[in-house]
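Per-entry structural report
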Amino acid sequence: MIVYSVKCANGHEFEGWFGSSSSFDREIAAGECACPECGSTKIEKAPMAPAVSGTKGSTSVPAGCPMSGASEAPPCAGSCGCFPG
Ligand SMILES: [Zn+2]
């Protein structure tokens with residue numbers, strides 16, 4: 001089984017369970033999936049929120065740190081993130 005977020009022609013969003021992605025297409029085309037709120041069978045897949053992966057740039061050295069690239073612990077003790085240890 002696979003669950004899709006779907007949306008009817010009237011903008012009601014709900015989750016629909018389908019046997020597979022191909023049966024989703026078939027059931028939608030056949031009008032076998034109806035909106036639980038208004039009964040519309042004009043259903044389309046709702047846009048999925050894009051997955052957001054890790055914080056970008058977490059390992060970069062902050063601009064302006066005078067000890068950027070130093071091999072020893074800088075005066076700031078890495079509190080600004082410029083020294084990974
Ligand atoms: Zn609806």
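Residues numbered from 1 in each chain as written. Predicted model: local features only at pLDDT ≥ 70, side-chain atom pairs only at ≥ 80, totals over all residues. Heavy atoms only, no water.

Some details on the coordination of the zinc ion
Condition: Note that water is not among the atoms considered, so a metal site may appear incomplete; the donors listed are N, O and S atoms within 2.8 Å of the metal, with 3.2 Å applied to Na, K and Ca. Irregular is the label for any site that misses the other tests, which are tetrahedral for four donors with all angles between 85 and 135 degrees, and square planar for four donors or octahedral for six when opposite donors exceed 155 degrees and the remaining angles lie between 65 and 115. Each helix is a run of H or I in the DSSP string that is no shorter than four residues. Each strand is a run of E no shorter than two, and both are numbered from the N terminus. Relative accessible area decides the class of each residue, using a 1.4 Å probe on protein chains only: under 20% of the type maximum gives buried, over 50% gives exposed, and in between gives partly exposed.
The protein atoms that coordinate the zinc ion are Cys-8 (SG), His-12 (ND1), Cys-35 (SG) and Cys-38 (SG), at distances of 2.0 to 2.3 Å. Its four donor atoms give the zinc ion angles of 107 to 115° at the centre, a pattern that matches the tetrahedral case. The sequence pattern describing where the donors of the zinc ion fall on their chain is C-x3-H-x22-C-x2-C. Remark: Cys-38 occurs in the loop between helix 1 (21–30) and strand 3 (43–45) and His-12 occurs in the loop between strand 1 (2–8) and strand 2 (13–18); sequence separation between them is 26 residues. Residue classification places His-12 among the partly exposed residues on the basis of a relative accessible area of 22%. By relative accessible area, which is 36% here, Cys-38 ends up partly exposed.

Side note on the sheet that holds strand 2
For clarity, the threshold we go by: Strand pairing is defined by DSSP finding a minimum of two bridges between the two strands. Axis definition: a line fitted to C-alpha atoms, over the contacting stretch in the case of helices. Angles run 0 to 180 degrees between N-to-C directions.
Here three strands make up an open sheet; going across it, the order is 2-1-3 and the pairing antiparallel. Two strands bound the open sheet, and with one partner strand each, they are strand 2 and strand 3. Across the sheet, the mean angle from the axis of one strand to that of its neighbour is 45°, orientation sign disregarded. Relative to strand 2, strand 1 is paired through six bridges, and the arrangement is antiparallel. Looking at strand 2, one finds that Ile-2 is bridged to Phe-18.

Things to note about the nonpolar core
Here is the rule: What makes a nonpolar core is a set of buried Ala, Val, Leu, Ile, Met, Phe, Trp, Tyr and Cys residues whose side-chain atoms join them at distances within 4.5 Å. For this analysis, residues touch if any pair of their heavy atoms sits within 4.5 Å.
Judged by nonpolar contacts, Tyr-4, Val-6, Cys-8, Phe-14, Phe-18, Phe-24, Ile-28, Cys-33, Cys-35 and Ile-43 together constitute the single largest core of 10 residues. It is strand 1 that contributes the most residues to this core, three residues altogether. Sequence-distant contacts of Phe-18, defined by excluding residues within four places in its chain, comprise Met-1, Ile-2, Tyr-4, Ser-23, Phe-24, Glu-27, Ile-28 and Cys-33.

A few points about the environment of Ala-46
Residue placement: Ala-46 occurs in the segment after strand 3. For Ala-46, a relative accessible area of 4% translates into the label buried. For the pair Ala-46 and Tyr-4, spaced 42 residues apart in the sequence, the C-alpha separation amounts to 7.9 Å. With sequence-adjacent residues up to four places away left out, Ala-46 is seen in contact with Ser-5, Val-6, Lys-7 and Glu-13.

Here we look at the pairing of strand 2
Of the two faces of strand 2, the one holding Phe-14, Gly-16 and Phe-18 is buried and the one holding Glu-13, Glu-15 and Trp-17 is not buried anywhere. Following strand 1, the chain reverses through four residues before pairing antiparallel with strand 2; Gly-11 in that reversal takes a positive phi of roughly 85°.

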